[in-house]
Amino acid sequence: MSRLAKMVYAGFFLIAVFTAMPILADTGAYGVGTPATAEEIAGWDIDIRPDGLGLPPGSGSVEDGEMLYEEKCASCHGSFGEGVGRYPVLAGGEGTLTDARPERTVGSYWPYASTLWDYIHRAMPFPQPQSLTDEEVYAITAYVLYLNDLVEDDFVLTADNLASVEMPNRDGFFFDDRPDTRNTGCMKDCKDPASIEITSEPSIATLQEDESGAVIEDVVAEGGQKVYQQACQMCHEAGVAGSPMTGDKAAWATRIEQGRDKLVSSAIEGIGIMPPKGGQSQLSDEEVASAVDFLIQRATKE
Amino acid sequence: MFSKPGSGPAVLRKVTQEASKVDPAKRRDFLKKGLVVAGGAIAGVQFASTLHASQNNLPPNLPEWSKSLGAGVITNPYGQPSPFEGDIVRRTVPWLTADRIAAISFTPLAELDGIITPSGLVFERYHAGVPAINPDEYRLMLHGLVERPLIFTIDDLRRFPSTTAINFLECPANGGMEWRAAQMDALQFTHGMISCCEWTGVLLSTLLEEVGVKPEAKWILAEGADGAHMSRSIPLEKALDDTLIVYAQNGEPLRPEQGYPVRIFNPGWEGNTSVKWLRRLEVGDEPWYHREETSKYTDLLADGRARKFSYIQEGNSVVTFPCPERPLKQKGRYELEGLAWSGNGKIKRVDVSFDGGVNWRQARLKGLVLPKALTRFSLDFTWDGSPALIQSRSTDETGYVQPTFTQLREARGTSSIYHKNAIHTWRLHADGTVTNVQIS
């Protein structure tokens, strides 16, 4: 058979195959989009359900979790899950849900342990989401459960036993049943004017311009600010884990005395609990230096 | 006429404490405004502040700008607001969140007209900051209980028939700082977690038809591509109704802050279900109970139980003039204005009271009255210099009447955080200033 004849033959063969296939089952009405392969789906499909559906094989112990938690979680959530600054409290609060100031924690409020695994894997640690291995997620999840007195210190969490961890507030939720109020829309003499009392009013003065009409904000080292927001702000804005707070002149003065080069090298290499480049290893040395300049500027401006 | 409020709420002391941590120059500003300006538009404000009204530009003189040439075309290839309006910006309340990456900013409602929020002023809510997504590398995966799992590019999504709708977008925590007491001193902070835009995209029902949903399907998980991988379970019923997969906002591609290049949008529902930077939709038979639908965005009641999947933003309203940012400067005739909205449909009527809810007058609805959209209302009134307690009360097309704070607290207590839609009270003082109050 000539090459041309072969090609024609192959062409007819393909047409025959395609026309024989049930086209409706293979494409939708618009035929738009590319089939998602099993491999592609596996790479992105990260969700876990209360019944354990979605959990990868693996396990992690409370013991292993303790070290990982201290290293990766405690700077924001506190060594005992008590929370640092405004970062979330993870443990405690049992029996407070009816209090005037309820404390909603993993132990006091969350209905399912699967949510913990899902969220730690999905979004934690805050500055480096999805950097943990599955084993590390099992271990840290086990440790947070332990911090809430939900498992013993020799507990090992696995794909098989996570769904059976019973959370105290499991039955504390109900489906939306609103509307739960009924205002009649009264138009006239709806209440006794004498009964009206002001029960609260903010004491801060009304929003108004200052004399110049100017809003006080300095022109900043622009590139440095972006890097700062990305890599440094999370800890330095609130002074997490003893870090010098942005703009805190006293805290920065002694550091600035050591010279810019020292500050830049500390920022690049890491110092104390701060990881190299604030954990953002993709940043160039120059970018880190620009963030240092921004921090120096904030600490020295009038 | 009115009794004095008791000692300020504890959170105010916190505001003051926070303010004391910042340097004196900023502190002055902080104490005055109870806020710090969240970047942007600073140059404009400084520009405006260096100018002062000159008699030379007023009648009978010919103004400066009438005797010279102005800037030519594409001086600003993408136009910006007048530099004189540089104070109309989003603002944040620093003590609300631990940092500015998982944080919120507020829309300046007092300075806006009509019902459309300019894209640059739509309130922001991030759980892990704004990701920078290259549209050529963007993909939306739709899989799970479907016949044909598919991956879509932006070009793919734009090949489907498009739908455009004007809808509000509101964070369920809007006003959540006020459950226990009035503590925010500006409309921007009491109600600014809302905006209203024109959204364009493809109906999710169209995409679901394209992949073929299996009969056992009941729920859909929406997941973001940001570092938080924000995820919410959405009932299939909603997804087949009016849920949009959005790629355009107010006529242009979505803003990065709003989910560029693609977000899901659930009209009338709490904003967090409209997951931004959408990367994945999975069809399933049960909800996932992820962090943002258990730990957060559930409504804790006084008895210790909590409402879950409380998606709908119920009927609400607020007076936008007068308000703390826009006091009355003299006696005389005015047009009171406000905004009303309901996640259950159209606004049917709005009533306004000047005496703290004793007597009410029906306001008129202005311009477009659309379902699940901001609706503007107004009422003419003459101010004789008397103090007043100004309130507005919306009724939607289902007959739902916005509740009083007393009714809402009776039903839910004060720990709900979310879905505070009570009738709001502005206290108009004899000098024309306006403060935020709560009344019995």
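For clarity, every value in this text was computed on a predicted model and none was experimentally measured. (Residues numbered from 1 in each chain as written. Chains lettered and ligands numbered in written order. Predicted model: local features only at pLDDT ≥ 70, side-chain atom pairs only at ≥ 80, totals over all residues.)

S.K.: How would you summarise the overall build of chain B if you had to cite specific residues and measurements?
M.R.: Regarding its fold elements, chain B presents eight helices and 25 strands. Burial statistics for chain B: of 440 residues in total, 53% are counted as buried. Counting contacts in chain B only where the partners sit at least 6 residues apart, residues at least 24 apart contribute 70% of the total. (Helix = DSSP H or I, 4+ residues; strand = E, 2+ residues; numbered from the N terminus. Buried ≥ 20, exposed ≤ 12 C-beta atoms within 10 Å, placed from the backbone. Contact = placed C-beta atoms within 7 Å.)

S.K.: Give a description of the interface of chain B and chain A that names residues and reports values.
M.R.: On the chain A side, the residues contacting the 109 residues of chain B number 78 residues. Looking at which element gives the most residues to the side of chain B that touches chain A, the answer is helix α2 (residues 24-33) of chain B, with seven residues. Here the residues of the side of chain B that touches chain A are counted per class, giving 48 nonpolar, 31 polar and 30 charged. The pairing of strand β1 (residues 34-35) of chain A with strand β6 (residues 150-152) of chain B spans two bridges and is antiparallel. Each residue of the ladder has a partner; that of A:T34, found in β6(B), is B:I151. (Nonpolar A, V, L, I, M, F, W, Y, C, P; charged D, E, K, R; others polar. Pairing = 2+ DSSP bridges.)

S.K.: Talk me through the nonpolar core; I want residue IDs and the actual numbers.
M.R.: Within the largest apolar cluster, 158 residues are counted, with the highest numbers of intra-cluster contacts made by A:I140, A:A142, A:Y143, A:A291, B:I220 and B:I245. The element contributing the most residues to this core is helix α7 (residues 134-147) of chain A, with 10 residues. A:A291 has contacts with A:G224, A:V227, A:Y228, A:A231 and A:C232, leaving out every residue within four places of it along the chain. (Core = buried A, V, L, I, M, F, W, Y, C linked by C-beta atoms within 7 Å.)

S.K.: Please give an account of the domain arrangement of chain A that cites residues and values.
M.R.: Residues and elements named next belong to chain A. Once the domains are mapped, chain A shows domain 1 (3-34), domain 2 (59-164) and domain 3 (222-300). When each unit is reduced to the centre of its C-alpha atoms, the spacing between domain 2 and domain 3 is 29 Å. The interface is formed by eight residues belonging to domain 2 together with six residues belonging to domain 3. Its residues placed into classes, the side of domain 2 that touches domain 3 shows four nonpolar, three polar and one charged. (Domains from an automatic or database assignment.)

S.K.: With reference to specific residues and values, describe the packing of helix α6 (residues 114-123) of chain A against α7(A).
M.R.: All names here are of chain A. α7 packs onto α6 with a crossing angle of 130° between their chain directions and a minimal axis gap of 9 Å. Judged by the inter-axis angle, α6 sits oblique to α7. Between α6 and α7 the crossing geometry is right-handed. Contact residues: L116, W117, I120 and H121 in α6; V137, I140, T141 and V144 in α7. (Axes fitted to C-alpha atoms, helices over the stretch in contact; angles between N-to-C directions. Parallel < 35°, antiparallel > 145°, perpendicular 65-115°, else oblique. Left-handed = near helix turned anticlockwise from the far one by under 90°.)

S.K.: So what's going on with the packing of helix α10 (residues 260-269) of chain A against helix α11 (residues 285-300) of chain A? Residues and values would help.
M.R.: Residue and element names in this part refer to chain A. Running from N to C, α10 and α11 point in directions that differ by 125°, and their axes come no closer than 9 Å. If you check the angle between α10 and α11, you find them oblique. Relative to α11, α10 is oriented so that their crossing is right-handed. Contacts between α10 and α11 pair R260, L263, V264, A267 and I268 from the former with D285, V288, A289, V292 and I296 from the latter. Tallied by class, residues from the contact of α10 with α11 come to eight nonpolar, no polar and two charged.

S.K.: Tell me about the sheet that holds strand β4 (residues 173-175) of chain A, and name the residues and values.
M.R.: Here we have three strands laid out as an open sheet, ordered β4(A)-β16(B)-β15(B), and mixed in their pairing. Unpaired on one side and paired on the other, β4 of chain A together with β15 (299-300) of chain B mark the two borders of the sheet. Sheet analysis places β4(A) next to strand β16 (residues 306-308) of chain B, joined by three bridges and oriented parallel. Residue pairing for β16(B): A:F174 is matched across the bridge by B:R307.

S.K.: Quick one: what's the story with the domain arrangement of chain B, residue by residue and with numbers?
M.R.: Residues and elements named next belong to chain B. The assigned domain composition of chain B is domain 1 (135-303) and domain 2 (316-437). Inter-centroid distance (C-alpha atoms) of domain 1 to domain 2 is 29 Å. Between domain 1 and domain 2, the residue contacts involve 27 residues of the former and 25 residues of the latter. Those elements that provide at least two residues to the side of domain 1 that touches domain 2 are β7 (163-170), α5 (187-191) and β15. By residue number, the principal contributor to the side of domain 1 that touches domain 2 is α5, which donates four residues. Broken down by class, the residue content of the side of domain 1 that touches domain 2 amounts to 16 nonpolar, seven polar and four charged.

S.K.: Tell me about the sheet that holds strand β19 (residues 347-353) of chain B, residues and numbers included.
M.R.: Reading across the sheet, the six strands line up as β5(A)-β25(B)-β24(B)-β23(B)-β19(B)-β20(B) and stay open at both edges, with antiparallel pairing between neighbours. Whereas interior strands pair on both sides, the edge strands pair on one side only; in this sheet they are β5 (198-200) of chain A together with β20 (361-362) of chain B. Two strands pair when backbone bridges link them, and strand β23 (residues 388-396) of chain B and strand β24 (residues 425-428) of chain B are joined in this way by four bridges, in the antiparallel orientation. In the sheet register, B:Q391 faces β24(B), and the bridge partner there is B:T425.

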